[in-house]
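Coordinates in review
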Amino acid sequence: MLDFVKNIALPFKIPTPDKTIKIAITGLSRSGKTVFLTSLINQLIANDKINYVNEKLGRSFVARLLPPDSVYVRFDYYNKLKALRSQDPKWPKSTKSVSKTTVQLEFKSEYAFLENQVLNLELLDYPGEWLMDLSMLSESYESWSQQMITLSKEAQRKPYAQEWLSKVKEINSCVAAREDEEEQLFDLYSEYLKNLYYHGFSFAQPGRFIEPGDMKDDPMLLFCPLPKPVQSCEDDALYNLFKKRYDRYVQEVVKRLYLEHFEQFDMQIILVDLVKTLNLGEEVFDDMHLAFKHILKTFTYGSNNLFSKFFNLKIDQVLFAATKADHIPSSQHESYKQLLEQMIWGMKQELDVKHIDTDVTIFSAVKSTQFVKAEIDGVELDCVRGIVLGEHEPSTHYPGKLPKVYTDQQLWREGNFNFVSFKPISFPQRDTHAVEHIRMDRLIYTVLKDHV
């Protein structure tokens, strides 16, 4: 179009309709979601370290936080920011419930006769533990119990499940339920799941047993998987009681969560602490793989998908984002991204869900290290330098070399990863300056590129 058209002035400006992108954000097993959201808002408002976004979009914008929604708890951005601006910043605690924050972006119009374009980013934040429950919507209590019991007997999980499995074996679930027995079974199963979570495992159901949110001490949660009895049971039998509670949980908690919060979302961002998973070894890595499978199976958003038909889901894209890129030398960033890409691509082929629009990225919401070279055993290596948690002075660390292929068995035989946890750097004191990051600008562009 000719340039003079852009400069045409009218006695009034033609309004442009506001647009909203709804984004659900969660993470697997303490992946840094709260830090991500704090940095994301900080980057958008300051807009001094996301030049890639401005260059690719070709338009400048001003960002502001909108007032809180009366229905939702608001993400506590200002208190998180205040804590991270302190002289001794600490990583914030993980999310305990659902919250929503809206960041409004106002893009300067290219045409004198048009109002500026307004784009609202609705950011729904929820505990990653609850994400795993979505697959329960398609499972009966019988089939779910069988899956969970079989899984608990696998070598990597059985040590944590032993007490619960022993108790299940000794009870008769066909007789009338006793309150003390119900509570003991629930406690042992909950302890098993919490042990999995503590040791870095990602897949655990029900998620509310780990992070109950507003359901703490709710009697609806008083159930666990049980093998199906060989004979018919009385109505008040333990098995039937647990089955009723499971059915209620699926209908009133799991289904309600997704009907209320996920009916009209455009994008799902799933944060993954791949660094921690690599550090903890093959068993934890395989479990993360299992969690991804459950996510992809339930995020089949095509028109023939069960969840699309019944829940009117319309999420267009799933973005898997590996955190803590600052723990890995920049020379290995491409290998880090390839690991995640290979996993997602492989599972899409295996599950035949190639139609799901997935994207993969790596980033660090806060760059708490510097990339340096250091001589170790007479060899110069790419390393990272920062302040380790619990220490006061910076130190240099070589995390090991990432493989080119995630299925490489040598990766686990050698077990030479040494990722350490670093303290966060302080956020700048002024709103016009954002915290240092790695590839947050790429992630932000992925979110915005199809909507501006």
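Residues numbered from 1 in each chain as written. Predicted model: local features only at pLDDT ≥ 70, side-chain atom pairs only at ≥ 80, totals over all residues. Heavy atoms only, no water.

Here's the deal with the pattern of salt bridges
- Tallied over the full model, the rule gives 20 salt bridges.
- The partner of Glu 170 in a salt bridge is Lys 167, and the shortest N-O contact between them spans 3.2 Å. Within this pair, Glu 170 and its partner Lys 167 are both found in helix H7 (residues 158–170), separated by three residues, close to a single helical turn.
- Of the charged contacts, one joins Glu 252 and Arg 248 as a salt bridge, the two residues approaching to 3.1 Å between their closest N and O atoms. In this pair, Glu 252 and Arg 248 are both assigned in helix H9 (residues 238–261), four residues apart and thus about one turn of the helix distant.
- Judged by its relative accessible area of 36%, Glu 252 falls in the partly exposed class. (Salt bridge = Lys/Arg side-chain N within 4 Å of Asp/Glu carboxyl O. Helix = DSSP H or I, 4+ residues; strand = E, 2+ residues; numbered from the N terminus. Buried < 20%, exposed > 50% of the residue type's maximum accessible area, 1.4 Å probe, protein only.)

Things to note about the packing of helix H2 (residues 33–46) against helix H15 (residues 440–448)
- H15 packs onto H2 with a crossing angle of 80 degrees between their chain directions and a minimal axis gap of 11 Å. On the basis of their axis angle, the class for H2 and H15 is roughly perpendicular. Here Phe 36, Ser 39, Leu 40, Gln 43 and Leu 44 of H2 lie close against H15, whose contacting residues are Met 440, Leu 443 and Ile 444.
- For the contact of H2 with H15, the residue count by class is six nonpolar, two polar and no charged. (Axes fitted to C-alpha atoms, helices over the stretch in contact; angles between N-to-C directions. Parallel < 35°, antiparallel > 145°, perpendicular 65-115°, else oblique. Contact = heavy atoms within 4.5 Å. Nonpolar A, V, L, I, M, F, W, Y, C, P; charged D, E, K, R; others polar.)

Side note on the environment of Trp 164
- Relative to the helices and strands, Trp 164 is located in helix H7.
- With 20 residues separating them along the chain, Trp 164 and Gln 184 place their C-alpha atoms 8.9 Å apart.
- Residues in contact with Trp 164, not counting those within four places in the same chain, are Ile 149, Ser 152, Leu 185, Leu 188, Tyr 189, Tyr 192, Cys 224 and Pro 225.

Observations regarding the side chain of Asp 266
- On the secondary structure map, Asp 266 appears in the loop between H9 and strand E5 (267–272).
- Here Asp 266 falls in the buried class, since its relative accessible area comes to 13%.
- Side-chain polar atoms of Asp 266 contact the backbone nitrogen of Lys 22, separated by 2.8 Å. (Polar contact = N/O pair within 3.5 Å; in protein donor to acceptor, adjacent residues only side chain to side chain.)

Considerations on the side chain of Ser 152
- Note on placement: Ser 152 falls in helix H6 (residues 141–152).
- Its relative accessible area of 0% is what places Ser 152 among the buried residues.
- Within polar-contact distance, the side chain of Ser 152 engages the backbone oxygen of Ile 149 at 2.7 Å.
- If sequence neighbours within four positions are ignored, Ser 152 has contacts with Arg 157, Lys 158, Ala 161, Trp 164, Leu 165 and Tyr 192.

A closer look at unusual backbone geometry
- For the bond running from Gln 205 to Pro 206, omega is -5 degrees, close enough to zero to count as cis.
- By the element assignment, Pro 206 lies in the loop between helix H8 (179–198) and H9.
- The backbone of Asp 217 shows a phi angle near 65 degrees, a positive value even though the residue is not glycine.
- Note on Asp 217: relative accessible area 70%, which makes it exposed.
- Here the phi dihedral of Lys 324 falls at roughly 60 degrees; this positive angle occurs in a residue that is not glycine.
- Its place among the elements puts Lys 324 in the loop between strand E6 (317–322) and helix H13 (333–351).
- The exposure class of Lys 324 is partly exposed, given its relative accessible area of 26%.

Examining the nonpolar core
- The biggest cluster of nonpolar side chains holds 79 residues, and the ones touching the most others in it are Leu 28, Trp 164, Tyr 189, Leu 226, Leu 274, Phe 292 and Phe 320.
- No other element matches H9, which puts ten residues into this core.
- Beyond its immediate chain neighbours, meaning those up to four positions away, Tyr 189 contacts Trp 144, Met 148, Trp 164, Gln 205, Pro 206, Phe 209, Cys 224 and Pro 225.
- Val 103, Leu 105, Leu 119 and Ala 365 belong to the second largest nonpolar core, which has 41 residues in total. (Core = buried A, V, L, I, M, F, W, Y, C linked by side-chain atoms within 4.5 Å.)

Quick word on the sheet that holds strand E4 (residues 117–125)
- Pairing in this open sheet of seven strands is mixed, and the strands run E2-E3-E4-E1-E5-E6-E7 from one edge to the other. Where the open sheet ends on each side, the last strands, each with one partner, are strand E2 (61–65) and strand E7 (358–362). Each strand of the sheet is rotated relative to its neighbour by a mean of 25 degrees, with strand direction disregarded.
- For E6 and E7, the ladder comprises five bridges, and the chain directions are parallel. Bridged to Ala 321 within E7 is Thr 361. (Pairing = 2+ DSSP bridges.)

Things to note about the sheet that holds strand E8 (residues 370–376)
- Pairing in this open sheet of three strands is antiparallel, and the strands run E8-E9-E10 from one edge to the other. Each edge of the open sheet carries a strand with a single partner, namely E8 and strand E10 (395–397). For this sheet, the mean inter-axis angle between neighbouring strands, taken without regard to orientation, is 45 degrees.
- The pairing of strand E9 (residues 379–386) with E10 spans three bridges and is classified as antiparallel. Residue pairing in the sheet places Val 384 in a bridge with His 397 of E10.

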